[in-house]
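Spelled out from the first residue to the last, the chains are:
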Amino acid sequence: MIVCVYTIVALLFKNPLPAVPFLVLYMIYSNMGSRNAEGIYGYYGRPFAIMVRFPDMFFDVAPPPFVLVNQICLLSASVGIIFIGIQLWRRRKI
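Residues numbered from 1 in each chain as written. Predicted model: local features only at pLDDT ≥ 70, side-chain atom pairs only at ≥ 80, totals over all residues. Heavy atoms only, no water.

Caption draft 1: Layout of a nonpolar patch on the surface. A cluster of nonpolar side chains, contributed by Tyr6, Leu17, Val20, Val24, Leu25, Ile28 and Met32, occupies part of the molecular surface with about 630 Å² of accessible area. With four residues, the top contributor of residues to the nonpolar patch is helix 2 (residues 19-31). The topology assignment puts Val20 in helix 2. Given the relative accessible area of 40%, Val20 is considered partly exposed. (Patch = residues over 30% accessible without salt bridge, like charges linked within 9 Å, V, L, I, M, F, W, Y side chains within 5 Å. Areas by Shrake-Rupley, 256 points an atom, 1.4 Å probe, with all protein chains shown as cover. Salt bridge = Lys/Arg side-chain N within 4 Å of Asp/Glu carboxyl O. Helix = DSSP H or I, 4+ residues; strand = E, 2+ residues; numbered from the N terminus. Buried < 20%, exposed > 50% of the residue type's maximum accessible area, 1.4 Å probe, protein only.)

The structure is reproduced here in structure tokens:
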């Protein structure tokens, strides 16, 4: 997903440098914790997050329930971004 986002931003701006701050913000978003309904701080699933945290559960290898849906959405979004990048590339080459 990081490569897809980097590619589409680089194609849009014709320069890869504007993608760097966006990707740093994307990684921070993916790694941020939040508070649940009870006010307890923790790491919960976020839509389109590229990282999954397992705090205080080093030997618990079962993935959180949100991860499978999130990974499928990430793969779908990556494929869509790749097709958009291909179209942008073709338009610029012609």
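Caption draft 2: Seen up close, the packing of helix 1 (residues 2-13) against helix 2. Interhelical geometry of helix 1 versus helix 2 gives an angle of 150° and a closest axis separation of 9 Å. The angle between helix 1 and helix 2 places the two elements in the roughly antiparallel class. Crossing handedness for the pair helix 1 and helix 2: right-handed. Across from Ile2, Val5, Tyr6 and Val9 in helix 1, the residues of helix 2 making contact are Ala19, Val20, Phe22, Leu23 and Met27. Grouping the constituent residues of the contact of helix 1 with helix 2 by class yields nine nonpolar, no polar and no charged. (Axes fitted to C-alpha atoms, helices over the stretch in contact; angles between N-to-C directions. Parallel < 35°, antiparallel > 145°, perpendicular 65-115°, else oblique. Left-handed = near helix turned anticlockwise from the far one by under 90°. Contact = heavy atoms within 4.5 Å. Nonpolar A, V, L, I, M, F, W, Y, C, P; charged D, E, K, R; others polar.)

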